[in-house]
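Architecture at a glance
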Amino acid sequence: MMPVIFVTDAFNFSARFHGCLPMCFMPRQHEHLRAPWHDVSSSSTGDVGRDHSCSFMLLVGLLDSVAFSSGTGSYRHNSSDTIHSTEVSSVLDLVLGDLRQNTERTYSAPLASYAFAKEMIDLPDGKQTQGLILD
């Protein structure tokens, strides 16, 4: 696996570093910034909610920023040419692999008892017919 660094990812890390550090120290120096954070910190639910939501957003951002090229999708076009896959995946793509690979066929699929549209169905004898697929 080959790591891939995008300009947007480098900007993301730089903005997080240069933007978040001053946000941590500025409220200590300015009363109008310190008062709202004091109200949040004085409440246990506010404190926990702030920590969990910030941690979750930070984790998702970091997992999506770490990208790599697997190179596993290579195939031969001719006997002398090898064409490599250009697909770049992130760690978040690996974690949420099921969501990425299993796409819904129609918008009614999650809660429907029958399909919204007819689709091609492979029959046991090898023929195909068009019908509603029941999940």
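Everything numeric in this text was worked out from a predicted model, so none of it was measured. (Residues numbered from 1 in each chain as written. Predicted model: local features only at pLDDT ≥ 70, side-chain atom pairs only at ≥ 80, totals over all residues. Heavy atoms only, no water.)

**Let's talk about the packing of helix H1 (residues 7-29) against helix H3 (residues 44-65)**
At a closest axis distance of 10 Å, the pairing of H1 and H3 adopts a crossing angle of 150 degrees. The orientation of H1 with respect to H3, classified from their angle, is roughly antiparallel. Crossing geometry of H1 relative to H3 is assigned as left-handed. On H3, the residues that touch Asp9, Asn12, Phe13 and Arg16 of H1 are Leu58, Gly61, Leu62 and Ser65. (Axes fitted to C-alpha atoms, helices over the stretch in contact; angles between N-to-C directions. Helix = DSSP H or I, 4+ residues; strand = E, 2+ residues; numbered from the N terminus. Parallel < 35°, antiparallel > 145°, perpendicular 65-115°, else oblique. Left-handed = near helix turned anticlockwise from the far one by under 90°. Contact = heavy atoms within 4.5 Å.)

**Points about the pattern of salt bridges**
In total, this model carries one salt bridge according to the counting rule given. For the salt bridge of arginine 34 with glutamate 31, the shortest nitrogen-to-oxygen distance reads 2.8 Å. Residue arginine 34 and its partner glutamate 31 are both found in helix H2 (residues 31-42); the two are separated by three residues, about one turn of the helix. (Salt bridge = Lys/Arg side-chain N within 4 Å of Asp/Glu carboxyl O.)

**Details of the sheet that holds strand E1 (residues 2-4)**
Sheet architecture is open: three strands sit in the order E1-E2-E5, paired in antiparallel fashion. Bordering the open sheet on either side are E1 and strand E5 (88-90), each of which pairs with just one other strand. Pairs of neighbouring strands in the sheet enclose a mean axial angle of 40 degrees, with direction left out of account. Taken together, the three bridges between strand E2 (residues 67-69) and E5 define a ladder with antiparallel strand orientation. Counted as the bridge partner of alanine 67 is serine 90 from E5. (Pairing = 2+ DSSP bridges.)

**What to know about the pairing of strand E7 (residues 128-131)**
It is a general feature of regular strands that their side chains alternate between the two faces of the sheet. Examined bridge by bridge, strand E6 (residues 119-122) and E7 share four bridges and lie antiparallel to one another. Bridge pairing links aspartate 122 to glutamine 128 in E7. From the end of E6 to the start of E7, which pair antiparallel, there are five residues, and glycine 126 there has a positive phi angle of about 95 degrees.

**A few points about the layout of surface pockets**
Roughly 670 Å³ of volume is contained in the largest pocket. Lining the largest pocket are 17 residues, with Cys20, Met23, Cys24, Trp37 and Cys54 positioned closest to its centre. For the lining of the largest pocket, the secondary structure elements donating two or more residues are H1, H2 and H3. In terms of residue count, H1 provides more of the lining of the largest pocket than any other element does, seven residues in total. Here the lining of the largest pocket is composed, by residue class, of 10 nonpolar, two polar and five charged. (1 Å grid on protein atoms, 1.4 Å probe; cavity = no way out; pocket = protein on both sides within 12 Å on 5 of 7 lines; lining within 4 Å. Points joined across faces, edges and corners; volume = space filled by probe spheres on them. Nonpolar A, V, L, I, M, F, W, Y, C, P; charged D, E, K, R; others polar.)

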